[in-house]
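Listed below, chain by chain, are the residues.
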There are 2 protein chains.
Amino acid sequence: MSSVPLKDQLDIVIPTIRDLGFLEQWRPFFQPYHLIIIQDGDPTRKISVPEGFDYELYTRTDIERILGDKAWAISFKDSACRCFGFMVSKKRYIYTIDDDCFVAKNPSGDDINVLEQHIKNMLSPSTPFFFNTLYDPYREGTDFVRGYPFSLRDGVPTALSHGLWLNIPDYDAPTQMVKPRERNTRYVDCVMTVPKNTLFPMCGMNLCFDRDLIGPALYFGLMGEGQPIGRYDDMWAGWCTKVICDHLGLGCKTGLPYVWHSKASNPFVNLRKEYKGIFWQEEMIPFFQNLTLNKETTDVCELYLEMAEKVRSGLGHIDPYFTKLADGMIAWIHGWRQLNPATKA
Amino acid sequence: MSSVPLKDQLDIVIPTIRDLGFLEQWRPFFQPYHLIIIQDGDPTRKISVPEGFDYELYTRTDIERILGDKAWAISFKDSACRCFGFMVSKKRYIYTIDDDCFVAKNPSGDDINVLEQHIKNMLSPSTPFFFNTLYDPYREGTDFVRGYPFSLRDGVPTALSHGLWLNIPDYDAPTQMVKPRERNTRYVDCVMTVPKNTLFPMCGMNLCFDRDLIGPALYFGLMGEGQPIGRYDDMWAGWCTKVICDHLGLGCKTGLPYVWHSKASNPFVNLRKEYKGIFWQEEMIPFFQNLTLNKETTDVCELYLEMAEKVRSGLGHIDPYFTKLADGMIAWIHGWRQLNPATKA
């Protein structure tokens, strides 16, 4: 596989509030691709992007101009705003990365080409219906083990590839506070499919997905300014996406590739953002674990709209926030359809 | 943790038809433990065991003497006979290993202490209800990631630890034939819980479990002489064990530790043994995926007897073998109770 595969089929989406100097380190890997930069916060600020990158940049002003009365559904002052980039892209694949993530090294000391690995993950099938003890059976040097049903060895299409992080692990505020010095130094040379009907905590730091297959499910919710919670944007998108993937028979992989996560966010700030979510996730997760969707529906936008109504009826009792979130989910789909008129139904 | 933990609480069960020279390499790790050797095949053959090991050895003659009219339920001329050792042990933990498995090395070149790792796996909880993207959250240097419900962080007791194999992977005959030169060289530094309601292909080569929690589920079925299939003994035990663990809220882990699997079994012989199983597993696996047990039952023997009747009614149409297997499952439990009278009702 070439080191710049699918050049014309993948956009890189980066949410940021600052100059994008971090791209210098990524230049050999990202320069061939088109970047979609979502500038959060003050839209009048001029963000600098290193020379030579091909990019489009959207500020809050742009989002409001483009989405009009649906712009409120895109979070402000929170990296959840990245999902606007998923909506405006016209490519099949999206890779999204945080601007405090850098190039990691594998145990041999070589720079890890994250896109190459994500694309390998995406282009090989997933195996959600039965566990393979040697992990992703489509990787070189491995296969399905004895006892794996032959009827399942075709696998299913992969909709999402969730990459991990060396150095600063993706911990919640309480864990950050309890283990301020913990660093992830373990390189686990593994990609695997998250089994069907198993939810996972999807982190948005280093994430690739197939817009055509699952794009409309990747709404990052209502976070940041004016909202009662933060840091649940990617979790929310992950639960919704996994439930829809399970419904449609699509796969979500996790594991390689790693990025180098350079700095922990402030645990005190995080605690304030997460506080309500820590309680709410105890109800949200069982809600998603038990959520079933209309068997006949196969269109992701339609499934997502059905899910929005189930959020309203099933989580609305927790807090008025969930009613607003259900409205946001609907506005998101309206925006998606506006910008992607070819989307079915 | 000491390198000889739980010395008085763990037996090592080894099925074999030959002299146990392979124990020389294991001496530093296994010598502190008691071995239960199940000598398969000709009971008059004298098997040599290296000096200095503490062991008891059972031949077919012993099995028949001890189990009487239930002895037929223990396979003959097949390593499935190992489960007799699980029955006669009086220890809490069993480790079982094949006699063509040797000490593997980790990437630093150190000998892997399989028992130390298995015991770490067993003594730390499992997390079957939600996926942790940094794998076993109880390992040193890692934890639960952001978005993992706090109510689930206690985990559940671990009933089983499934270790893997470097060098010769555990492939079925068709895969052995197609990839005769494939070797597993990838050391994946990972332990993880197999999620609830996900079945996995459990291999008996390098396996540890808690007899008290789950022992009676570890019947290795009817294989070998007089039976229409072989090489499904551990798979069968794995499906039954996982379903009962899911029912009881117990965990099964897989991953580390690795053994060095020295030689591939003959793929032509294997194909003859597996032939029917390859077809049957296409029905057996969905059967186990959909199997539910009486919610009120918590005793493993009782659950296993219930499962035997479901095997009879649910798989009997495939082949008369499954009726015999259901009878074998019942005879196994009767034998278990005979030898373990303290086992609950």
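Since the model is a prediction, treat every value here as computed from it, not as a measurement.

A. Broad picture of the interface of chain B and chain A. Counting residues at the interface gives 59 residues for chain B and 59 residues for chain A. Carbon and sulfur atoms supply 57% of the area buried between chain B and chain A, which totals about 5,000 Å² over both sides. The largest per-residue losses of area from chain B upon contact with chain A belong to F131(B), R146(B) and R186(B), which jointly make up 17% of the total buried on that side. For the pair chain B and chain A, the number of links is 10 salt bridges.

B. How the structure looks around the nonpolar core. W236(A) and W236(B) are the most contacted members of the largest nonpolar core, which totals 243 residues. The contact partners of W236(A), leaving out residues within four places of it in the chain, are Y219(A), G221(A), M284(A), F288(A), Y304(A), V311(A), L315(A), F322(A), L325(A) and M329(A).

C. Layout of a nonpolar patch on the surface. Residue and element names in this part refer to chain A. Among the surface-exposed residues, M177, V178, F268 and L271 lie close enough to one another that they form a single nonpolar patch of about 400 Å² accessible area. Contributing elements (two or more residues each) for the nonpolar patch: helix 5 (173-178) and helix 8 (267-289). Within the secondary structure layout, V178 lies in helix 5. V178 sits in the exposed class, given a relative accessible area of 66%.

D. Layout of the packing of helix 7 (residues 233-248) of chain A against helix 8 of chain A. All names here are of chain A. The N-to-C vectors of helix 7 and helix 8 enclose an angle of 15°; their axes lie 10 Å apart at closest approach. One element, helix 7, and the other, helix 8, form an angle in the roughly parallel class. Handedness of the helix 7/helix 8 crossing: right-handed. Every residue of helix 8 that contacts helix 7 at W236, W239, C240 and V243 is listed here: Q281, M284, I285 and F288.

E. Structural detail: the relation of the copies chain B and chain A. Least-squares fitting of chain B to chain A yields an RMSD of 0.0 Å, with the superposition described by an axial translation of 0.0 Å and a rotation of 180°. Expressed as a symmetry operation, the mapping of one chain copy onto the other fits a two-fold axis. Minimal C-alpha distance to the rotation axis in chain B is attained by V188(B), lying at 2.8 Å. Of the interface residues in chain B, 100% have counterparts in chain A that sit at the interface too, so the contact is made through matching surfaces.

F. Expanded view of the pattern of salt bridges. Residues and elements named next belong to chain A. Inspection of the entire model under this criterion finds 51 salt bridges over all chains. In this structure, R92 engages D210 in a salt bridge whose closest nitrogen and oxygen atoms are separated by 2.9 Å. Of the two residues, R92 is situated in the loop between helix 3 (83-88) and strand 4 (93-97) and D210 in strand 8 (residues 206-210); the sequence distance between them amounts to 118 residues. The exposure class of R92 is partly exposed, given its relative accessible area of 33%. Judged by its relative accessible area of 1%, D210 is buried.

G. Expanded view of the side chain of T96(B). All names here are of chain B. If you trace the backbone, T96 turns up in strand 4 (residues 93-97). Classification of T96 as buried rests on a relative accessible area of 0%. Not counting chain neighbours up to four residues away, the residues in contact with T96 comprise V13, P15, R82, F86, G204, M205, N206 and L207.

Rules of the game
Residues numbered from 1 in each chain as written. Chains lettered and ligands numbered in written order. Predicted model: local features only at pLDDT ≥ 70, side-chain atom pairs only at ≥ 80, totals over all residues. Heavy atoms only, no water. Contact = heavy atoms within 4.5 Å. Buried area = accessible area lost by both parts, 1.4 Å probe. Salt bridge = Lys/Arg side-chain N within 4 Å of Asp/Glu carboxyl O. Core = buried A, V, L, I, M, F, W, Y, C linked by side-chain atoms within 4.5 Å. Buried < 20%, exposed > 50% of the residue type's maximum accessible area, 1.4 Å probe, protein only. Patch = residues over 30% accessible without salt bridge, like charges linked within 9 Å, V, L, I, M, F, W, Y side chains within 5 Å. Areas by Shrake-Rupley, 256 points an atom, 1.4 Å probe, with all protein chains shown as cover. Helix = DSSP H or I, 4+ residues; strand = E, 2+ residues; numbered from the N terminus. Axes fitted to C-alpha atoms, helices over the stretch in contact; angles between N-to-C directions. Parallel < 35°, antiparallel > 145°, perpendicular 65-115°, else oblique. Left-handed = near helix turned anticlockwise from the far one by under 90°. Least-squares fit on C-alpha atoms with pLDDT ≥ 70 in both.

Any functional reading would require information that these geometric values do not contain.
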